[in-house]
Amino acid sequence: MEELPAVDMFVTTADPALEPPLITVNTVLSLLALDYPDVGRLACYVSDDGCSPVTCYALREAAKFAGLWVPFCKRHDVGVRAPFMYFSSAPEVGNGTVDHEFLESWALMKSQYEKLARRIENADEGTIMRDGGDEFAEFIDAERGNHPTIVKVLWDNSKSKAGEEFPHLVYLSREKSPRHRHNFKAGAMNVLTRVSAVMTNAPIMLNVDCDMFANNPQVALHAMCLLLGFDDEIHSGFVQAPQKFYGGLKDDPFGNQMQVITKKIGGGLAGIQGMFYGGTGCFHRRKVIYGVPPPDTVKHEMKGSPSYKELQAKFGSSKELIESSRNIISGDLLARPTVDLSSRVEMAKQVGDCNYEAGTCWGQEIGWVYGSMTEDILTGLRIHAAGWESALLDTEPPAFLGCAPTGGPASLTQFKRWATGLLEILISQNSPILGTIFRRLQLRQCLAYLIVEAWPVRAPFELCYALLGPFCLLTNQSFLPTASDEGFRIPAALFLTYHIYHLMEYKECGLSVRAWWNNHRMQRITSASAWLLAFLTVILKTLGLSETVFEVTRKESSTSSDGGAGTDEADPGLFTFDSAPVFIPVTVLSMLNIVALAVAAWRAVVGAAAGVHGGPGIGEFVCCGWIVLCFWPFVRGLVSRGKYGIPWSVRVKAGLIVAAFVHICTRN
């Protein structure tokens, strides 16, 4: 096999409470065990924005376990190399013959993993700091939002024995200070890019979230086919694997498994400028991240090597970073990575300082782009606008698998963060509309970006439509033709056509009617809650009245050897609630439509008895009834208790808003 370029693999985690270290460890172990001709060309960097000694301890223990796990995977050609997933089922025995040596090795490895899992799950900061010695001294007095850069080489590949090699493993917690903006995940990714540049400087970079393990051990080889296989590298500025999930709840009750979007929209995008950058499961060319344009026209070709001063103005003052960036821009894909990592730790700490980016192009022309909660979409948009295309890596088995959030709070928090970031992009100077007019973003790719970036803009309009039905029922008016009117066929036909078309899409993707209904229902809930709050958040930010806050989504996943979805709930598909403001709008609409239906039904019965006709028709009743069905989890939450019930603080606030709306509608 021809020599392949080096790959730096990035794993990001932000909060050890919401993203348990054992989840991160399984992702790291799956990356360390990837198939690659020369594992000395692979390096794994873990960014810990929580500055947690528990996470660092867990990764140190994982490095020790990797010395057993990686050779075991290679020796027995293990298919899934995240230990928790591999050990969740019995060992496979081929051709009906029992390999006793393999079974003994399998049992021993499972026992070692269970010991590792117990050590990590039982670890606490106090014990680690007390017994860890000098190795954890840097965490003393370190606060999550105020600490210097911490870089630790947990494993150096040069120490590996013959036949037992696995990639470098480096722990990183970038410097934090209350006086500096940290730019959420984009800032962490840029520090990872700089630190890896001065340590190994691989021309290819893979980034995954801490819960997105490598499900296909040959994923790096598949990616190389796309990165190196085109006649012109412009067609593979980055290679994105679709997000897929393990242990997904049946029929997708929270509407976040994105199966139809991935198949329908993802496949279509592959025929334009390529798949959106999804923030995880993506292979990047380092030079593309550095802002190098595609050499497809004379106008955009690099003419000579940039000068030292030009590189310093863009990349900052680090001589090592400037030299490494010069090597990347020159296009040398097969340069050997640095061997002695320990000698580069101090250089790595320098480029990890929170004031390093001052006066440079980081976060603008270079690296992950700042200015949005969805730094992934924004960075991918910048790459596409420069003229690059992206490739879709859709392998079988899937390249990466992650865990989709369950429950109401986690799901709506994720949707709100996405919607906030998308709207920030839409109204900024990085808008795809401007990218098409002034840069090289194709018109159809622009329209594709607008499909998703306009999600939160729909919220106020959908809210108005959701209020129109109950308003008509409460005021004894109508806005739709009556059933006896020929015009009634038009809205009825639109309603049926829309839903039948979407139902057919779900059936084409092999999904059930229940899955279609769950996703439709969650879209209505999300629009009236997460998207609406995201819309208001961005408006307040634009007016200078508020700042956006990055909210980490809780990762709920079993990482013990029994696998599974990792929940003790009797029915994990049931909607759960808390007192967050995101639940108030939908609770208001649920209560309001129930009240409106009750008032209108009573009025219809009394009116029929008195021989009075007119007022709202069947269309208004159907509208309100449909909304009640879509919001049924909230209707059930009004009469449930515990975490399945809507908290009284939310009910009271919603009740006051409903009372005010009813009063306004009926005061005349």
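On a predicted model such as this, the values are computed, not experimentally measured, just so you know.

So, helix α6 (residues 184-199)
Quick reminder: α-helices carry 3.6 residues per turn. Residues three or four places apart thus point the same way. Counted at 1.5 Å a residue, the expected span for α6 with its 16 residues is 22 Å, and the 23 Å between its end C-alpha atoms agrees. Most of α6 is tucked away: 15 of the 16 residues are buried. Count one or two residues on from α6 and you reach asparagine 201, which has phi positive near 55°.

Focus on the UniProt feature "active site" (unreviewed entry) in the chain
In the UniProt entry, the feature "active site" (unreviewed entry) is given for Asp49 and Asp376. Tracing the backbone through its elements, the reader meets aspartate 49 in the loop between β2 (42-48) and α2 (53-76). If we skip the residues at most four places from it in the chain, aspartate 49 touches Thr13, Ala14, Arg144, Arg174, Lys176, Phe184 and Ala188. On the secondary structure map, aspartate 376 appears in helix α13 (residues 375-385).

A few points about the pattern of salt bridges
Evaluation of the coordinates by the stated rule reveals 23 salt bridges. In this structure, glutamate 138 and lysine 349 form a salt bridge, with 3.1 Å as the shortest nitrogen-oxygen distance. Of this pair, glutamate 138 sits in the loop between α5 (125-131) and β3 (150-155) while lysine 349 sits in helix α12 (residues 345-351); the two residues are 211 residues apart in sequence, bridging distant segments of the chain. Assessed through its relative accessible area of 28%, glutamate 138 is described here as partly exposed. Several salt bridges share partner residues, and in doing so they unite Arg60, Glu61, Lys64, Arg119 and Glu135 into one network.

Regarding the packing of aromatic side chains
The final tally for this structure, using the stated rule, is 34 aromatic pairs. A ring pair is formed by phenylalanine 65 and tyrosine 113, whose centres lie 6.1 Å apart and whose planes are at 50°; its orientation type is tilted. Within this pair, whereas phenylalanine 65 is found in helix α2, its partner tyrosine 113 is found in helix α4 (residues 100-122), the two being separated by 48 residues in sequence. For tyrosine 113, a relative accessible area of 0% gives the class buried. Judged by centre distance (4.9 Å) and plane angle (75°), the ring pair of tyrosine 290 and phenylalanine 315 falls under edge-to-face. In this pair, tyrosine 290 sits in the loop between α9 (286-289) and α10 (308-315) while phenylalanine 315 sits in helix α10, placing the two residues 25 residues apart along the sequence. You'll find tyrosine 290 and phenylalanine 315 in the same group, each marked buried.

Observations concerning the state of the cysteines
Here the structure, examined in full by the defined rule, presents 0 disulfides. Left without a disulfide partner, cysteine 403 is nearest to the cysteine sulfur of cysteine 210, which lies 7.8 Å away. Overall, cysteine 403 belongs to the buried group, its relative accessible area being 8%. Not part of a disulfide, cysteine 630 finds its nearest cysteine sulfur in cysteine 623, a span of 11 Å.

A look at the sheet that holds β2
Across the sheet, 8 strands lie side by side as β3-β4-β2-β1-β5-β8-β7-β9; this open sheet has mixed pairing. The sheet is open, and its two borders are formed by β3 and β9 (390-392), each paired with just one other strand. Between one strand and the next, the sheet's axes are offset by a mean angle of 20°, whatever the strand orientation. Summarising the sheet, strand β1 (residues 7-13) and β2 pair through 7 bridges and their orientation is parallel. Looking at the pairing, threonine 12 lines up with serine 47 of β2. Against the sheet, α2 engages β1, β2, β3 and β4 (168-173), with an angle of about 20° to β3.

Side note on the environment of glutamate 135
The residue glutamate 135 is located in the loop between α5 and β3 in this model. For the pair glutamate 135 and valine 198, spaced 63 residues apart in sequence, the C-alpha separation works out to 22 Å. Those residues in contact with glutamate 135, other than ones at most four positions away along the chain, are Arg60 and Lys152. A polar side-chain atom of glutamate 135 sits 2.9 Å from a polar atom in the side chain of arginine 60.

Description of the packing of helix α1 (residues 21-32) against α4
Direction vectors running N to C along α1 and α4 enclose 140°, while the axes themselves pass 9 Å from each other. Taken together, the axis directions place α1 and α4 in an arrangement best described as oblique. On α4, the residues touching Pro21, Leu22, Val25, Asn26 and Leu29 of α1 are Tyr113, Leu116, Ala117, Ile120 and Glu121. Of the residues belonging to the contact of α1 with α4, the class tally is 8 nonpolar, 1 polar and 1 charged.

Considering the side chain of glutamate 620
Structurally, the position occupied by glutamate 620 is in helix α22 (residues 618-630). Of the side chains with opposite charge, arginine 603 lies nearest to the buried glutamate 620, which makes no salt bridge, at 11 Å. Discounting residues that sit within four places of it in the chain, glutamate 620 has contacts with Cys472, Leu473, Gln477, Ser478, Phe479 and Leu480.

Procedures and definitions
- Residues numbered from 1 in each chain as written.
- Predicted model: local features only at pLDDT ≥ 70, side-chain atom pairs only at ≥ 80, totals over all residues.
- Heavy atoms only, no water.
- Helix = DSSP H or I, 4+ residues; strand = E, 2+ residues; numbered from the N terminus.
- Expected span 1.5 Å × (residues − 1).
- Buried < 20%, exposed > 50% of the residue type's maximum accessible area, 1.4 Å probe, protein only.
- UniProt positions renumbered as here; feature names shortened; annotations may be inferred.
- Contact = heavy atoms within 4.5 Å.
- Salt bridge = Lys/Arg side-chain N within 4 Å of Asp/Glu carboxyl O.
- Phe/Tyr/Trp six-rings, centres within 6.5 Å; stacked < 30°, edge-to-face > 60°.
- Disulfide = S-S within 2.5 Å.
- Pairing = 2+ DSSP bridges.
- Axes fitted to C-alpha atoms, helices over the stretch in contact; angles between N-to-C directions.
- Polar contact = N/O pair within 3.5 Å; in protein donor to acceptor, adjacent residues only side chain to side chain.
- Parallel < 35°, antiparallel > 145°, perpendicular 65-115°, else oblique.
- Nonpolar A, V, L, I, M, F, W, Y, C, P; charged D, E, K, R; others polar.
- Lys, Arg positive; Asp, Glu negative; His and termini not counted.

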